[in-house]
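So you can see what is in the structure, the chains are spelled out below.
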Amino acid sequence: MNIIKIPFSSGGLGKTKGTELGPDAIAANLEDFFLTEDGREPSFLIHSIPVEPQDFLKTNENIFSHAREHFEKKPEQGVPLFLGGDHSVTYSLVKAFASVNPLNPGIIIFDAHPDCCSDFSPPTHEDLLLALVKEKIISPGNIILVGIRNSFRDELRFLRQHHISWFSMTEIFNEGIQEISEALMAKAKGFGSLYISVDIDALDPAFAPGTGYQEPGGLATRELLFFLQRLKKLKNFKAGDIVEVNPAKDPSGITAKAAAKIVVELA
Ligand SMILES: [Mn+2]
């Protein structure tokens, strides 16, 4: 599997300093996992995309062009997984993904937040979803958010207005993880190609404290793995990212380790 590091934190409006250390911290934990839970030996080829902390636009261009090359590789090389970095990197990644897979691409985002509260250009980690919709990169009907539990009123209005589907933590708890997973699988199967973005704050801070915006009441690591282990079996699953891991706020290292576990299980 190709792992691509994107050590960039300038898309976080100054609030994600430290996430540029995420990719190396996650990669350093990969070898601790001997086999995947279904018994396969994970193997990784590590790449990185050059970033320029002072130049957001140039970095976005780099992400876009390098990601395209990875998306154009043969399927035998496995699903490419990108390690952020702050969540702004997902904007260029998905843009590249949709340009290589133009037939009905879809995206599932695990996140405590809807990320459509501002309207910056280029989009930051606060509004990447807004940009993906406004620039018609992904059809709103092909966007699913999972794990939402702290939103602005305007964000929920935006989601409703554009018929973007989301599963809140309340809904996941009330309906049960199995039910929600079935609904997610049914919808994801209909996409021409599937991209999965994991903001580590989808996990409860008890499991992943090392991130910029801790939001209590989130998923257990096991619950997120349950969703991902099922989704990765879908034939249309083609790429993903894991973002917002901040080693500067992760003294025990458990957040980077949880992210590495997620990478291994998606391998
Ligand atoms: Mn988030």
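Everything here concerns the structure above.
Residues numbered from 1 in each chain as written. Predicted model: local features only at pLDDT ≥ 70, side-chain atom pairs only at ≥ 80, totals over all residues.

(A) Region of the structure containing helix α2 (residues 56-71). The terminal C-alpha atoms of α2 lie 22 Å apart, and with 16 residues this matches the ideal 22 Å at 1.5 Å per residue to within 8%. When we look at burial in α2, the residues that qualify are Thr-59, Asn-60, Ile-63, His-66, Ala-67 and His-70. The buried residues of α2 occupy an angular sector of 145° when projected down its axis, which confines them to one face. Turned more than 90 degrees away from the buried face of α2, the exposed residues are Leu-57, Lys-58 and Ser-65. Residues of α2 that are buried in the fold lie against β1 (2-6) and α3 (89-100). (Helix = DSSP H or I, 4+ residues; strand = E, 2+ residues; numbered from the N terminus. Expected span 1.5 Å × (residues − 1). Buried ≥ 20, exposed ≤ 12 C-beta atoms within 10 Å, placed from the backbone. Arc of directions from axis to C-beta. Contact = placed C-beta atoms within 7 Å.)

(B) Layout of helix α9 (residues 254-266). Relative to the 18 Å expected for 13 residues at 1.5 Å per residue, α9 spans 18 Å between its end C-alpha atoms, a close match to the ideal helical length. The buried fraction of α9 amounts to 11 of the 13 residues, a majority that puts the element mostly inside the structure. Buried within α9 are the following residues: Thr-255, Ala-256, Lys-257, Ala-258, Ala-259, Ala-260, Lys-261, Ile-262, Val-263, Val-264 and Leu-266. Its buried side turned inward, α9 meets β1, α1 (22-29), β3 (81-84), β7 (193-199), α8 (221-231) and β8 (237-243).

(C) Region of the structure containing the nonpolar core. Judged by nonpolar contacts, the single largest core of 71 residues is most densely connected at Ile-242, Ala-259 and Val-263. Looking at this core element by element, the count peaks at 8 residues for α9. If we ignore the near neighbours within four places in the chain, the residues touching Val-263 are Ile-3, Ile-26, Leu-30, Leu-81 and Ile-242. (Core = buried A, V, L, I, M, F, W, Y, C linked by C-beta atoms within 7 Å.)

In short, shape yes, function no, at least from these values alone.
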